[in-house]
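Next come the chains, spelled out residue by residue.
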Amino acid sequence: MKKISSSNLKEIFKREIEFLVDGISNSLNPYHFFSLSTLNDQKVTSRTIVLRNIDKDPLAIYFNADYRSPKVKQLLSNKQCFVLFYDNKRKIQIRIECEAIINYNNDISKKIWNKTPLQSRKCYMGEYTPSQNLKEWHPNIPLKYLKKDPEKLDSESGYNNFTVIKLIINTLDILELHHDGHIRFNIDSSREINFTAP
């Protein structure tokens, strides 16, 4: 039987953090996308999110969102949420229990907005609230910008709907699948590592 030590777990953790960092800008990395689960009243709801940034110490992940969206409303109502990353090729799952901080109309959101490309800004210029029911299809971006980027001055209207969500990581659970025995462990906010039954 193979032997797995605490040192091995620390190396796996370090490796996966580097994969997460790579996932920020590498759209081919499966960690570029993750699932975010929030509570809508008493029901769990999930959606796919794009990873935008990471803080290594203390550990936190970031994504951008439309302030009008249901997920933001849910996080304002209950800041506890869950995140799921999965790498199908490497057979690794990362489950994260998080606490959300909503950065809206503040220095952090403004700093990120100023770095946001025009082609991405138009996603926040829609006249309809995300998830709103419509009588007919609409792309929910200004029609004059369907096939081109918005003018910079015009794009500033999107900032009213822009928010940056910071997810503070409370616990992180890593599962690495192997035919000769899965490896699973968790790490809390103090970086204490615990073996976990797969």
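In every chain, residue numbers begin from 1 and rise along the written sequence. Where totals are concerned, whole chains, interfaces and linings use all residues; where local detail is concerned, this predicted model gives features only for residues with pLDDT of at least 70, and gives and counts side-chain atom pairs only at 80 or more. In computing side-chain properties, one takes all heavy atoms of the structure into account and sets aside hydrogens as well as water.

Peer 1: What's the story with the pattern of salt bridges in this structure? I'm lost.
Peer 2: Side-chain pairs of opposite charge can arise where the charged atoms are in close proximity. Here a salt bridge means any side-chain nitrogen of Lys or Arg lying within 4 Å of a carboxyl oxygen belonging to Asp or Glu. Throughout the structure, instances matching the rule amount to 14 salt bridges. Of the charged contacts in the structure, one is a salt bridge between Arg68 and Asp66, with a shortest N-O distance of 2.8 Å. Each member of the pair, Arg68 together with Asp66, is buried. Linking Arg121 and Glu156 is a salt bridge whose minimum nitrogen-to-oxygen distance equals 2.8 Å. Taken together, the positions of Arg121 in helix H4 (residues 118–121) and Glu156 in the loop between helix H5 (152–155) and strand S7 (162–176) put the pair 35 residues apart, joining distant regions of the chain. Judged by its relative accessible area of 1%, Arg121 is buried. Relative accessibility thresholds used throughout: buried, under 20% of the residue-type maximum; exposed, over 50%; partly exposed, between the two (1.4 Å probe, protein chains only). Given the relative accessible area of 25%, Glu156 is considered partly exposed. Through salt bridges that share partners, Arg15, Glu16, Asp87, Arg90 and Glu176 make up one connected network. In this text, helices come from DSSP runs of H or I with a minimum length of four residues, and strands from runs of E with a minimum of two, each type numbered from the N-terminal end.

Peer 1: Could you clarify how one ought to interpret the side chain of Asn29 in this entry?
Peer 2: Its location among the elements puts Asn29 in the loop between helix H1 (6–25) and strand S1 (33–40). Asn29 sits in the buried class, given a relative accessible area of 5%. A contact between two residues is defined here by any heavy atoms of the two lying within 4.5 Å. Here Asn29 is in contact with Phe19, Asp22 and Gly23, once residues within four sequence places are set aside.

Peer 1: Mind showing me how you'd approach the packing of aromatic side chains here?
Peer 2: Aromatic rings considered in pairs are described by the distance between their centres and by the relative angle of their planes. Aromatic rings from Phe, Tyr and Trp, with only the six-membered ring used for Trp, were paired whenever their centres fell within 6.5 Å, and each pair was classed as stacked if the ring planes differed by under 30 degrees, edge-to-face if by over 60, and tilted otherwise. Evaluation of the coordinates by the stated rule reveals nine aromatic pairs. Between Trp113 and Tyr159, the ring centres sit 5.8 Å apart and the planes meet at 50°, which makes this aromatic pair tilted. Of this pair, Trp113 sits in helix H3 (residues 107–115) while Tyr159 sits in the loop between H5 and S7; the two residues are 46 residues apart in sequence, bridging distant segments of the chain. Of the two residues, Trp113 and Tyr159, both sit in the buried class. Considering the side-chain rings of Tyr124 and Phe162, the 5.1 Å spacing of their centres and the 85° angle between planes classify their relative orientation as edge-to-face. Linking Tyr124 in the loop between H4 and H5 with Phe162 in strand S7, this pair joins segments that are 38 residues apart in sequence. Judged by relative accessible area, which is 12%, Tyr124 ranks as buried. For a ring to carry a charge above it, either NZ of a lysine or CZ of an arginine must fall within 6 Å of the ring centroid while also lying within 35 degrees of the normal to the ring plane. Stacked on the ring of Phe19, the Lys or Arg Arg90 has its end atom at 3.5 Å from the ring centre. Across the ring face of Tyr159, the terminal group of Lys110 is positioned such that the distance to the ring centre comes to 4.4 Å.

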